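Descriptive analysis of the structure
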Amino acid sequence: MKHRIETKYETTCYFIKSRRHQQIDEAALRKINSMEIPCLLKVNVLKRKQSFRLIYNVTGLESLKSILQNKFTKEGFVTILREMLRLFQLLSWKYMEFSKINFDLDSIFVNPYDFSLYFIYIPICGWNNEVTEGELLRSIAEKCQCSPGEGALCRKTICRYLQTHTSVSLVEFENLLLKKTETKSLPEQNPVSKTVKITDIRTEKECPFCKRTIEQDSIFCAYCGERLTDERGNFGSESFIGTVCIGVGKCGPYMVRSSTGEQITIPQTPFGIGRDRKLCSYCIKGNMMIGRKHAELTIDGGRYFLRDNNSVNHTYVDGQRIDAGKQVELFNGTRFQLANEEFVFFIK
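Note that this is a predicted model, so its numbers are computed, not measured.

The rules behind the values
Residues numbered from 1 in each chain as written. Predicted model: local features only at pLDDT ≥ 70, side-chain atom pairs only at ≥ 80, totals over all residues. Heavy atoms only, no water. Salt bridge = Lys/Arg side-chain N within 4 Å of Asp/Glu carboxyl O. Buried < 20%, exposed > 50% of the residue type's maximum accessible area, 1.4 Å probe, protein only. Helix = DSSP H or I, 4+ residues; strand = E, 2+ residues; numbered from the N terminus. Pairing = 2+ DSSP bridges.

Tallied over the full model, the rule gives eight salt bridges. Across the pair R4 and E6 runs a salt bridge, and its minimum N-O distance is 2.3 Å. Among the residues examined, R4 registers a relative accessible area of 35% and is labelled partly exposed. We classify E6 as partly exposed; its relative accessible area is 32%. Salt bridges here are not isolated pairs; linked through shared partners, they connect K293, E296 and R307.

So, about the pairing of strand 23 (residues 334–338). Taking burial as the measure, the five residues of strand 23 include four buried ones, the bulk of the element. With three bridges connecting them, strand 20 (residues 315–317) and strand 23 associate as antiparallel partners. Pairing of T315 across the sheet is with L338, part of strand 23. Judged from the five bridges that link them, strand 23 and strand 24 (residues 341–347) form a sheet pairing that is antiparallel. Bridge pairing in strand 24 places R335 opposite V344.

Right, let's talk about the sheet that holds strand 5 (residues 62–63) for a bit. Spatially, 5-7-8 is the arrangement adopted by the three strands of the open sheet, whose pairing is antiparallel. The open sheet terminates on both sides in strands that have one partner only, identified here as strand 5 and strand 8 (117–118). Where strand 7 (residues 109–110) lies against strand 8, two bridges are found, and the strand directions are antiparallel. Residue pairing in the sheet places V110 in a bridge with L117 of strand 8.

Shape descriptors only; they carry no functional weight alone.
Here is the structure:
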């Protein structure tokens, strides 16, 4: 198949021309255009006599290949790879075939303002992409330009891992990225910081309940939600960092932000979540995919509910999109997603 990018009347489109007698996968086409998967570009079909064209609007976006030519810091480099892994997980949850996604670097697009990624899914029967997820990650690591120092060293480590593993385990690779992002440096003005101890070599630990690897200073497990500290600190030690919130882990609701592991108490309802600090109880900074007041948590008769406030990029509960204005009940351990931000709801 042939593809090209064309700009006309300030609109940039990515065109794919099919071969003769190829057919559209109507089920996949409906799923792409249903707005349920924000990382997939919507597609229009222009039919001809014996062929058709797929048209994707990429106005304002840049190809990942061109973005990777910029100088990345260590944090920026790791963030792109972690975002790629998150989207792989999202697509897997939505039962989308990876073999139908064009994994060429010049066919993956980036919003340069918030660095959100977008894929081109090709809903053509019989078409399959030969590039695997591991090969895509390898291409990103090899093409990415990193600043000297920590950035270049981190890139070298990642490249070595991807080159020596013919079959890449996404879980193992994500753990490697976590180790890279959890390494903390000591502030110059305070050599004995409360946040990082000189004697601490490891920045992670194992949850005693679910046995998953979590951050060293976590109060709650981001996976199972169990409390990891008592009033004196981590498992009764005196090395606890921060202030213990009364009631958290004993009674009442809270939620865990999956991308950061942050534990957010819900002291009262309605509890608004969004991008605007003035309108919301919890503000998600710097993510333009999130609405100003994206969603709201409420309580009714001792039961907790989540409502979408007619957001542009929608709200999902356990992978299912909820209608605007409709309340969906949350239970202990329920996962919900506001655009591209995932949270886990807990009641203790």
